[in-house]
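Listed here are the chains, written in short residue letters.
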Amino acid sequence: TFLAASRLGMELEEGKSRQPFWCHARHAKGGASVQVYNPGPGALPPASLVLTLRPPSREEFQGPYRNSTILCQIRGSRRGLGSAPIRWLRNGAPVRDGVAEEGPVAEGPGLFVAESRVVVTEAEWESGVVFTCQAGEEMRNTSKAMECG
């Protein structure tokens, strides 16, 4: 896996009139191309998803059950959220138990948010188990070793 980033700057109207754009990335082990466009200020492309992963709360580990939850949120269009259900992995293996889902709910014009939480025990967290949240092609990992502090 490799990661590439680029930025193209131009006036909004010029960008809208010259769409679509293509971003091409090449690497010794392969390459990728993606179509990009400028939908305007504050808008997400129709199928675009923004995935956010929040690690467990340390305070919740102090409770009687010694567990907490990891929160995964995805934001995007209803179509984008509908085509990308949230999936959890624990050290690469699918997780079905201890998962709670909510949404999608409207968050603004054309923008929706869906959430999923997975229960993590203090022992799992302390041992360095890696939890992965996946929605469509977006994926984020978290573990104690990946967190600051």
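Thresholds applied
Residues numbered from 1 in each chain as written. Predicted model: local features only at pLDDT ≥ 70, side-chain atom pairs only at ≥ 80, totals over all residues. Heavy atoms only, no water. Helix = DSSP H or I, 4+ residues; strand = E, 2+ residues; numbered from the N terminus. Buried < 20%, exposed > 50% of the residue type's maximum accessible area, 1.4 Å probe, protein only. Contact = heavy atoms within 4.5 Å. Areas by Shrake-Rupley, 256 points an atom, 1.4 Å probe, with all protein chains shown as cover. Core = buried A, V, L, I, M, F, W, Y, C linked by side-chain atoms within 4.5 Å. Polar contact = N/O pair within 3.5 Å; in protein donor to acceptor, adjacent residues only side chain to side chain. Pairing = 2+ DSSP bridges. Axes fitted to C-alpha atoms, helices over the stretch in contact; angles between N-to-C directions.

Asks: Where do I start with the overall build of the chain in this structure?
Replies: Broken down by element type, the chain carries four helices and 10 strands. The 149 residues of the chain split such that 28% are buried. Intrachain contacts of the chain at a sequence separation of at least 6 include 53% that bridge at least 24 residues. With an accessible surface of roughly 10000 Å², the chain has 53% of that area assigned to carbon and sulfur atoms.

Asks: I'm lost on the nonpolar core in this one. Help?
Replies: What tends to happen in soluble globular proteins is that the nonpolar side chains get buried as a cluster. In this structure, Ile70, Cys72, Ile74, Ile86, Trp88, Cys133 and Ala135 are the most contacted members of the largest nonpolar core, which totals 21 residues. For this core, the elements supplying multiple residues, two or more each, are strand E3 (49-54), strand E4 (67-76), strand E5 (86-90), strand E8 (111-121) and strand E9 (131-135). In terms of residues, this core owes the most to one element, E8, which gives four residues.

Asks: How should I be thinking about the side chain of Thr132 in this particular structure?
Replies: Assignment of secondary structure puts Thr132 in strand E9. When its relative accessible area of 6% is taken as the criterion, Thr132 is described as buried. Within the structure, Thr132 has its side chain in polar contact with the side chain of Asn141 (distance 2.5 Å). Setting aside chain neighbours within four positions, we find Thr132 in contact with Arg87, Trp88, Leu89, Met139, Arg140 and Asn141.

Asks: For this particular structure, what's the right way to read the sheet that holds E3?
Replies: Strands belonging to one sheet form pairs held by backbone hydrogen bonds; the direction of such a pair is parallel or antiparallel. Sheet architecture is open: four strands sit in the order E3-E4-E8-E7, paired in antiparallel fashion. Where the open sheet ends on each side, the last strands, each with one partner, are E3 and strand E7 (99-108). Put simply, the sheet's adjacent strands are angled 20° from each other on average, direction ignored. Two strands pair when backbone bridges link them, and E3 and E4 are joined in this way by six bridges, in the antiparallel orientation. Bridged to Leu49 within E4 is Gly76.

Asks: Help me understand the sheet that holds E5, please; the structure alone is not making it clear to me.
Replies: One open sheet accounts for four strands, arranged E6-E5-E9-E10; its pairing is antiparallel. The sheet is open, and its two borders are formed by strand E6 (93-95) and strand E10 (138-142), each paired with just one other strand. Taken over all neighbouring pairs, the strand axes of this sheet differ in orientation by 30° on average, direction set aside. Pairing of E5 with E6, which is carried by three bridges, proceeds in the antiparallel orientation. Directly across from Trp88, in E6, lies its bridge partner Val95.

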